[in-house]
There are 2 protein chains.
Amino acid sequence: MSKTLIFGHKSPDTDTICSALAYADLKNKLGETAEPARLGAVNKETQFALDYFGVEAPKFIEKVGSEVDAVILVDHNEFQQSVDNIKDVRIAEVIDHHRIANFETKDPIYFRAEPVGCTATILNKMYKENGIVVTKEVAGLLVSAIISDSLLLKSPTCTKEDVDAAHELAAIAGIELGTYGLDMLQAGADLSDKTAADIISLDSKVFVMGDAKVEIAQVNAVDIAKVYENQADLEAEIAKVIEEKDLDLFLLAVTDIINNDSEALALGKGQEKVEQAFHVTLDNNRALLKGVVSRKKQIVTVLTTEFTK
Amino acid sequence: MSKTLIFGHKSPDTDTICSALAYADLKNKLGETAEPARLGAVNKETQFALDYFGVEAPKFIEKVGSEVDAVILVDHNEFQQSVDNIKDVRIAEVIDHHRIANFETKDPIYFRAEPVGCTATILNKMYKENGIVVTKEVAGLLVSAIISDSLLLKSPTCTKEDVDAAHELAAIAGIELGTYGLDMLQAGADLSDKTAADIISLDSKVFVMGDAKVEIAQVNAVDIAKVYENQADLEAEIAKVIEEKDLDLFLLAVTDIINNDSEALALGKGQEKVEQAFHVTLDNNRALLKGVVSRKKQIVTVLTTEFTK
């Protein structure tokens, strides 16, 4: 029997995990065999959602095994964010909401990217298009993904489609959006047991910008200052990553989920690009990015512009 | 007022022209301003369809002007097949049915690629999704595109969705599929007034395969031998193109629309890749490729495999 794996990006976040689970559910209900998988540890925010709705995390894979016929990528398309042996496997589909880059296939495939705030919003639409009813559990996963990616509908990436989907899914899931959402975000913002190495890798992505290789990590927090109490440790870990991956820049964004700002810590020879892109001056390698909460829309775009000038 | 241009690939074929026209029609009916355009001359096959349904060709553009806010690509995504200044313009959407490669955006966009035989088949679906009725003229354009890309539903790229769409659209357009289809293909296969330079550029695309740059031209013919009467002229023109564009390989496929085979003429230092890919021996730089009618599915794929080994 042919085997298809569905997974999101490395350093999985709630959208990546929940979209893999939901799309596998949809595929199965359409009579296709597909299994969800993940490329990294489940973070606390995602675990909160999984526990709340009684759903098990997808199984962890290090690479795609030879018994797999095809893979479906959700919530990402750039190869450097995907499984290490992505170039050796057949990609059957992509469902995503990010920019398209460093992606290539030999054959035509089903590729669906839409400029919405969350992959889960597209999946909610796909359930409808296929006439499949979303269960309470799947609705819970999908709305959790939207809350996560949109920082409770407050990120500039959040579209009307995301807002509508979130309300619709919250009703099916039987939750009060604001209460559940803040509980879930706070569960994710609990960094008390995290080492510096954890913090910079929890939700981290590598981007190719012009000739530069840039890694951008983001963590949510209730108290930014607390995260930076160990700045020296964070910097030491970041320096290691820059060395290992030969990065031009590493930017850590600590995002305040109550006030919706981010405090950035930037290291690497591309530091000045951060100053130019955000019109700030780094002080002790840090700068407050007012109103910045979206890596995709407020960090990747302006840095790409700066690195490709 | 914001201005959006919709266009297909260089060396436009019937799908590229008709999909640009149809998608602009759909956008306008949805209340969005969008204008169709083309990047090259209208070929005889396409002109037959336009004349039959009384539709004017989109306007020709050499590059995207500064008054344009965004572009929508139909029937292609690879930048080298697009307008020359594609990297300087904002791409809002892509609707395509080809492999994805050499494509990149800075922001998330609407990207819809499906592994069907023709862009027009996707557009037919989009009319339905949006609840817009396809007029007789637009149905005529869309079915012409499907006939062209599927060689009257005989190409291996042709899916059940294409077949269903073709029959449905033929009824709206008021044509008998077989009769109209053969007339249209034969109009396109009339190469009597074409120079050697015309023949190798009528429907020609450049592909990047691994480190190699490969151009593949295709023409339909009723009598293959007649096209190769002027082989020396064809080779002289091809040699010029190889020199100009620094190609590793130029392959011309002359496709017999009655018997559904192609006779290839291959020049360039990658000649042996053709022999390996198709398990043939070039004789006088030529080889018969039995049953090969689809550039996308039967030529690009196997050559890419060969060049990336």
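Treat the numbers as computed from the prediction; the structure is a model and nothing was measured. (Residues numbered from 1 in each chain as written. Chains lettered and ligands numbered in written order. Predicted model: local features only at pLDDT ≥ 70, side-chain atom pairs only at ≥ 80, totals over all residues. Heavy atoms only, no water.)

When chain B is fitted to chain A, the residual RMSD is 0.0 Å, and the transformation amounts to a turn of 180 degrees plus an axial shift of 0.1 Å. When the rotation and shift are considered jointly, the pair of chain copies conforms to a two-fold rotation axis. Every residue of chain B has its C-alpha some distance from the rotation axis, and the shortest such distance is that of arginine 112 of chain B, at 2.5 Å. (Least-squares fit on C-alpha atoms with pLDDT ≥ 70 in both.)

All names here are of chain A. The positions UniProt marks with the feature "binding site: Mn(2+) 2" (unreviewed entry) are Asp15, Asp75, His97 and Asp149. On the basis of their most widely separated C-alpha atoms, the annotated residues across 135 residues gather in one place, lying no more than 10.8 Å apart. Here aspartate 15 falls in the buried class, since its relative accessible area comes to 0%. Residues in contact with aspartate 15, not counting those within four places in the same chain, are Asp75, His97, Cys118, Thr119, Ala120, Ala145 and Asp149. Counting through the fold element by element, aspartate 75 comes out in the loop between strand S4 (70–74) and strand S5 (91–96). Residue class for aspartate 75 comes out buried when judged on its relative accessible area of 1%. Those residues in contact with aspartate 75 that sit more than four places away from it in its chain are His9, Asp13, Asp15, Thr16, Ile95, Asp96, His97, His98, Thr119 and Asp149. (UniProt positions renumbered as here; feature names shortened; annotations may be inferred. Buried < 20%, exposed > 50% of the residue type's maximum accessible area, 1.4 Å probe, protein only. Contact = heavy atoms within 4.5 Å. Helix = DSSP H or I, 4+ residues; strand = E, 2+ residues; numbered from the N terminus.)

Residues and elements named next belong to chain B. At their nearest, the axes of helix H1 (residues 14–29) and helix H2 (residues 44–52) sit 9 Å apart, and the two run at 35 degrees to each other. On H2, the residues touching Thr14, Ile17 and Leu21 of H1 are Glu45, Thr46 and Leu50. For the contact of H1 with H2, the class distribution of residues is three nonpolar, two polar and one charged. (Axes fitted to C-alpha atoms, helices over the stretch in contact; angles between N-to-C directions. Nonpolar A, V, L, I, M, F, W, Y, C, P; charged D, E, K, R; others polar.)

Let us look at the domain arrangement of chain A. Residue and element names in this part refer to chain A. Domain boundaries in chain A define domain 1 (4–189) and domain 2 (196–308). Computed from C-alpha coordinates alone, the two centres of domain 1 and domain 2 are separated by 24 Å. Counting residues at the interface gives 22 residues for domain 1, matched by 22 residues for domain 2. A combined buried area of about 1800 Å² lies between domain 1 and domain 2, and 56% of that area is made up of carbon and sulfur atoms. Along the contact surface separating domain 1 from domain 2 lie zero salt bridges. There are seven residue pairs in polar contact (both at pLDDT 80 or more) connecting domain 1 and domain 2. Residue contributions to the side of domain 1 that touches domain 2 peak at four residues, all from helix H6 (residues 177–189). For the side of domain 1 that touches domain 2, the class distribution of residues is six nonpolar, 11 polar and five charged. (Domains from an automatic or database assignment. Buried area = accessible area lost by both parts, 1.4 Å probe. Salt bridge = Lys/Arg side-chain N within 4 Å of Asp/Glu carboxyl O. Polar contact = N/O pair within 3.5 Å; in protein donor to acceptor, adjacent residues only side chain to side chain.)

The next point concerns the packing of aromatic side chains. Each aromatic ring pair is specified by the distance between its two centres and by the angle formed by the two planes. What the rule picks out here adds up to 15 aromatic pairs over all chains. Arranged with centres 4.9 Å apart and planes meeting at 55 degrees, the rings of tyrosine 52 of chain B and phenylalanine 53 of chain B form a pair that is tilted. Taking relative accessible area as the criterion, tyrosine 52 of chain B reaches 47% and is therefore assigned partly exposed. The interplanar angle of 70 degrees and the centroid separation of 5.1 Å between the aromatic rings of phenylalanine 103 of chain B and phenylalanine 111 of chain B together place this pair among those described as edge-to-face. Taken as a pair, phenylalanine 103 of chain B and phenylalanine 111 of chain B share a single burial class, namely buried. An aromatic cluster of at least three residues, connected via ring pairs, comprises Phe79, Phe103 and Phe111 of chain A together with Phe79, Phe103 and Phe111 of chain B. (Phe/Tyr/Trp six-rings, centres within 6.5 Å; stacked < 30°, edge-to-face > 60°.)

All names here are of chain A. Packing of helix H10 (residues 271–278) against helix H11 (residues 295–307) leaves a shortest axis separation of 9 Å and a crossing angle of 110 degrees. With respect to H11, the axis of H10 lies roughly perpendicular. For the element pair H10 and H11, the recorded crossing hand is right-handed. Residues Lys273, Val274, Gln276, Ala277 and Phe278 of H10 pack against Gln298, Ile299, Val302, Leu303, Glu306 and Phe307 of H11. (Parallel < 35°, antiparallel > 145°, perpendicular 65-115°, else oblique. Left-handed = near helix turned anticlockwise from the far one by under 90°.)

The two faces of a sheet get side chains in turn, since along a regular strand they alternate between them. All names here are of chain A. Here strand S1 (residues 4–7) runs beside strand S2 (residues 35–38); their pairing, made up of two bridges, is parallel. Its bridge partner being in S2, leucine 5 is matched across the sheet by glutamate 35. Taken together, S1, helix H1 (residues 14–29) and S2 form a β-α-β motif whose crossover is right-handed. Taken together, the two bridges between S2 and strand S3 (residues 59–60) define a ladder with parallel strand orientation. Within the sheet, the bridge partner assigned to alanine 37 lies in S3 and is lysine 59. Crossover S2 to S3 through helix H2 (residues 44–52) is right-handed. (Pairing = 2+ DSSP bridges. Right-handed = clockwise from strand over helix to strand, strands pointing away.)

Between chain B and chain A, the contact holds 23 residues from the first and 23 residues from the second. For chain B, the biggest contributors to the area lost against chain A are Ile100, Lys106 and Pro108 of chain B; these three give 30% of the whole. The tally of links between chain B and chain A comes to zero salt bridges. Applying the counting criterion to the chain B and chain A interface returns six residue pairs in polar contact (both at pLDDT 80 or more). Mapped by element, the contributors of at least two residues to the side of chain B that touches chain A are strand S6 (110–113) and helix H11 (295–307) of chain B. Classifying every residue of the side of chain B that touches chain A by side-chain character gives nine nonpolar, seven polar and seven charged. Bridge analysis of strand S6 (residues 110–113) of chain A against S6 of chain B gives three bridges, and the strand direction is antiparallel. When the sheet's bridge partners are listed, alanine 113 of chain A is paired in S6 of chain B with phenylalanine 111 of chain B.

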